[in-house]
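# Notes for the structure review
Letter by letter, the chains look like this.
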Amino acid sequence: MTEIPKILVVDDDADVLRAIGNYFEELGYEVSRELTGEAGLATFERYRPEVVILDLHLPGMNGLEVLQRLRENDGAVILLTGDRDLPTAVRAMQLGAENFLTKPVDMTHLAAATERVADKTRLRRVNRALLDRSGEIIADNIPGY
């Protein structure tokens with residue numbers, strides 16, 4: 001049985017948060033929503049979603065700062081912005097964003113990007129678990145170890 005994919009949406013616009021969250025819930029995702037970067041980081045630590053959909057412009061800690069912190073904790077991030085600012089998009093990709101989309105976002109495009117990132121995250125987690133397990137098996141078979 002396949003696990004329900006989890007996403008975290010962080011946006012300071014409650015209408016955007018509701019629309020994206022509801023859309024993904026209808027697609028079968030488990031969705032958590034936050035209005036600030038700080039709250040998003042705290043929820044990420046507890047929730048460990050496959051994908052974070054993150055607004056660039058947030059009160060307090062901005063989206064690029066949140067992106068950096070999420071990437072330090074192995075978060076997979078799709079960044080959203082109302083700006084068509086190429087240098088910011090380049091910076092976001094350098095910081096490890098999986099994708100950079102402009103608002104108003106095409107929901108089918110966002111869903112396709114989210115599915116790709118969620119699949120990539122699940123594969124990375126399975127690979128890490130297998131590597132950890134193979135290390136245990138090797139250690140178990142070394143005499144005196």
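Computed from a predicted model, the values in this text were never measured in an experiment.

Let us look at the overall build of the protein chain. Within the protein chain, the regular secondary structure consists of five helices and five strands. Each helix (α) and strand (β) of the protein chain, taken in turn from the N terminus, gives the series β-α-β-α-β-α-β-α-β-α. For the C-alpha atoms alone, the extent of the protein chain along its principal axes is close to 60 × 35 × 25 Å. Looking at the 145 residues of the protein chain, the share that counts as buried comes to 41%. Contacts spanning at least 24 positions in sequence make up 61% of the contacts within the protein chain whose residues lie at least 6 apart. A total of about 8,200 Å² of accessible surface is found on the protein chain, and carbon and sulfur atoms cover 54% of it. Counting 17 positive and 25 negative side-chain charges, the protein chain places the centres of these two groups 3 Å from one another.

For the protein chain, the mean per-residue pLDDT works out to 89, and 90% of the residues sit at or above 70. Considering each helix and strand of the protein chain separately, the mean pLDDT is smallest for helix α5 (residues 107-140), with a value of 82, and largest for strand β2 (residues 30-34), with 98.

So, on to the packing of aromatic side chains. By the definition in use, this model includes two aromatic pairs. Seen from their ring centres, Tyr23 and Phe24 are 5.6 Å apart, and the 85 degrees between their planes marks the pair as edge-to-face. Between Phe24 and Tyr29, the ring centres sit 5.1 Å apart and the planes meet at 85 degrees, which makes this aromatic pair edge-to-face. Tyr29 carries the same exposure label as Phe24, and that label is buried. Taken together through their ring pairs, the aromatic side chains of Tyr23, Phe24 and Tyr29 make up a single cluster. Just above the ring of Tyr47 sits the side chain of Lys6; from NZ or CZ to the centre is 5.2 Å.

The rules behind these values
Residue positions are given per chain, counted from 1 along the sequence in the order it is written. With pLDDT at 70 or above as the cut-off, local features in this predicted model cover only qualifying residues; side-chain atom pairs require 80 or more to be listed or tallied, and sums for whole chains, interfaces and linings still use all residues. As a convention, hydrogens and water are excluded, and side-chain values are obtained from all of the structure's heavy atoms. Helix and strand definitions here come from DSSP, where helices need a minimum of 4 consecutive H or I residues and strands a minimum of 2 consecutive E residues; each element is numbered from the N-terminal end. Relative accessibility thresholds used throughout: buried, under 20% of the residue-type maximum; exposed, over 50%; partly exposed, between the two (1.4 Å probe, protein chains only). It only takes one pair of heavy atoms within 4.5 Å for two residues to be counted as in contact. Per-residue and other accessible areas follow the Shrake-Rupley method at a 1.4 Å probe size, with only the shown protein chains counted as cover for residues. His residues and chain termini do not enter the charge count, which takes Lys and Arg as positive and Asp and Glu as negative. By convention, the point assigned to a charge is CZ for Arg, NZ for Lys, CD for Glu and CG for Asp. Per residue, pLDDT measures the predictor's confidence, with a range of 0 to 100. Pairing of aromatic rings covers Phe, Tyr and the six-membered ring of Trp, with a centre-to-centre limit of 6.5 Å; geometry is then stacked below 30 degrees between planes, edge-to-face above 60, and tilted otherwise. Consider the ring centre and the ring normal. A charge sits over the ring if Lys NZ or Arg CZ is within 6 Å of that centre and within 35 degrees of that normal.

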